[in-house]
Amino acid sequence: MDLRIFTEPQQGATYDTLLAVAKATEDLGFDAFFRSDHYLKMGNVDGLPGPTDAWITLAGLARETKRIRLGTLMTAATFRLPGVLAIQVAQVDRMSGGRVELGLGAGWFEEEHRAYGIPFPTEKFARLEEQLEIVTGLWATKTGETFDFHGKYYDLTDSPALPKPAQNRVPVLIGGHGATRTPRLAARYADEFNIPFGSIEDSERQFARVRAAAEEAGRHANALTYSTALVVCVGKDDQEVARRAAAIGREVDELKANGLAGTPAEVVDKIGRYAEIGAQRVYLQVLDLDDLDHLELISSRVQSQVK
């Protein structure tokens, strides 16, 4: 089981804070550092000093880390034109020496679009499908050849399809709870399918849908990696769990029901239950980015038991 660190910087984080977490991620043996792609805080936090851009952040981290994978859960298709996104991701991949992964979703948070003047279209899913075809098509086009795409929402003519990523194929992550279109899209484009904040039962059903869609599309179901994202709150004892829960404004019982919370033994047991239904990777949503001792505890007492 791979454990990856997943951050929500829109809730309040500077680049220096994210760098400290990324370096701890690398030093403590975690597989990857991922971040959300949002421009507006959520819930009862001040969000100061304000949002940081996901791909600018990852470009910086690409030069300041050496081993860990870097990516987004999820970049919103509404934020960037597909040709521009393909260039950005390919450049960051080269800056990292081939360690980037692209999580791409339709976009859902209307308020952040209004706050920063970003159009929020009605037909988001159809746009996402075109974006996936364009981004992956640009990367797959042989050097010296051109790429054309004429869709309902985007039109590309004689694109040189440059630059190319360092990797032969940048892994693409698609995720969500949709029962029909999401599995079909994952079967066509995804290297990894992620279900965010799902129960064991819901995750098992959604993994089965994606596996069935992959087989129907002519892919082996095991060609995809299956993952989950869950909030994490671990403590050496009940008192430490309660302290960490209070620091992020959550209740222990709720965290235990909906995330990975409790003592190391409790969290290892729950990760094992996700593994039993096919999860191969867990994105640990870390909400207190100043508590690096939390990461050290997870590394020494949880990660060591599930690798």
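Look above for the structure.
Residues numbered from 1 in each chain as written. Predicted model: local features only at pLDDT ≥ 70, side-chain atom pairs only at ≥ 80, totals over all residues. Heavy atoms only, no water.

Chemist: I'd like a rundown of the overall build of the protein, residues and numbers included.
Modeler: Counting its secondary structure elements, the protein contains 11 helices and 12 strands. The globule rule puts the C-alpha radius of gyration for 307 residues at 19 Å, and the 19 Å found for the protein is close to it. For the C-alpha atoms alone, the extent of the protein along its principal axes is close to 60 × 45 × 35 Å. Buried residues in the protein amount to 55% of all 307 residues. Contacts spanning at least 24 positions in sequence make up 73% of the contacts within the protein whose residues lie at least 6 apart. Surface exposure of the protein reaches about 13500 Å², of which carbon and sulfur atoms provide 49%. (Helix = DSSP H or I, 4+ residues; strand = E, 2+ residues; numbered from the N terminus. Rg over C-alpha atoms; globule rule 2.2 N^0.38 Å. Buried < 20%, exposed > 50% of the residue type's maximum accessible area, 1.4 Å probe, protein only. Contact = heavy atoms within 4.5 Å. Areas by Shrake-Rupley, 256 points an atom, 1.4 Å probe, with all protein chains shown as cover.)

Chemist: A description of the packing of helix H10 (residues 264–276) against helix H11 (residues 292–306) should follow, citing residues and the corresponding values.
Modeler: Remark: H10 packs on H11, axes separated minimally by 9 Å, with the N-to-C direction vectors making an angle of 40 degrees. On the basis of their axis angle, the class for H10 and H11 is oblique. Both H10 and H11 take part in a crossing whose hand is right-handed. Where H10 approaches H11, its residues Pro264, Val267, Val268 and Ile271 are matched on the opposing element by Leu297, Arg301, Val302, Gln305 and Val306. Of the residues that constitute the contact of H10 with H11, the class distribution is seven nonpolar, one polar and one charged. (Axes fitted to C-alpha atoms, helices over the stretch in contact; angles between N-to-C directions. Parallel < 35°, antiparallel > 145°, perpendicular 65-115°, else oblique. Left-handed = near helix turned anticlockwise from the far one by under 90°. Nonpolar A, V, L, I, M, F, W, Y, C, P; charged D, E, K, R; others polar.)

Chemist: Could you give me a rundown of the pattern of salt bridges, with the residues and numbers involved?
Modeler: When charged atoms on two side chains of opposite charge get close, those side chains can pair. What the rule picks out here adds up to 21 salt bridges. A salt bridge links Arg281 to Glu192; the nearest nitrogen and oxygen atoms lie 2.6 Å apart. Taken together, the residues Arg281 in strand E12 (residues 281–286) and Glu192 in strand E9 (residues 192–196) connect sequence positions 89 residues apart. The exposure class of Arg281 is buried, given its relative accessible area of 12%. A relative accessible area of 3% means that Glu192 is categorised as buried. A salt bridge links Glu240 to Arg243; its shortest N-O distance comes to 3.6 Å. Taken together, the positions of Glu240 and Arg243, both in helix H8 (residues 238–247) and three residues apart, correspond to about one turn of that helix. For Glu240, a relative accessible area of 11% corresponds to the buried category. The exposure class of Arg243 is partly exposed, given its relative accessible area of 47%. Each of Lys236, Glu240, Arg243, Arg244 and Asp291 takes part in salt bridges that share partners, so that together they form one network. (Salt bridge = Lys/Arg side-chain N within 4 Å of Asp/Glu carboxyl O.)

Chemist: Could you give an account of the pairing of E12, with specific residues and numbers?
Modeler: Buried residues dominate E12, accounting for six of its six residues. Neither face of E12 is open: one carries Arg281, Tyr283 and Gln285, the other Val282, Leu284 and Val286, and all of them are buried. Two elements, strand E10 (residues 225–234) and E12, share five bridges in a ladder whose sense is parallel. Paired with Leu230 across the strands is Leu284, a residue of E12. (Pairing = 2+ DSSP bridges.)

Chemist: Account for helix H2 (residues 54–64), naming residues and giving values.
Modeler: Every buried residue of H2 is accounted for by Ala54, Trp55, Thr57, Leu58, Ala59, Leu61 and Ala62. Looking at the buried positions of H2, the neighbouring elements they touch are helix H1 (15–27), strand E2 (32–35), strand E3 (69–72), strand E4 (75–76), helix H3 (82–96) and strand E5 (100–105).

Chemist: Quick rundown of the environment of Thr141? Include the residues and the values.
Modeler: Secondary-structure assignment places Thr141 in the loop between helix H5 (124–140) and strand E6 (147–150). Spatially, the C-alpha atom of Thr141 lies 31 Å from that of Arg4, the residues being 137 residues apart in sequence. In contact with Thr141, other than residues within four places in its own chain, are Thr146, Phe147, Ala161 and Lys164.

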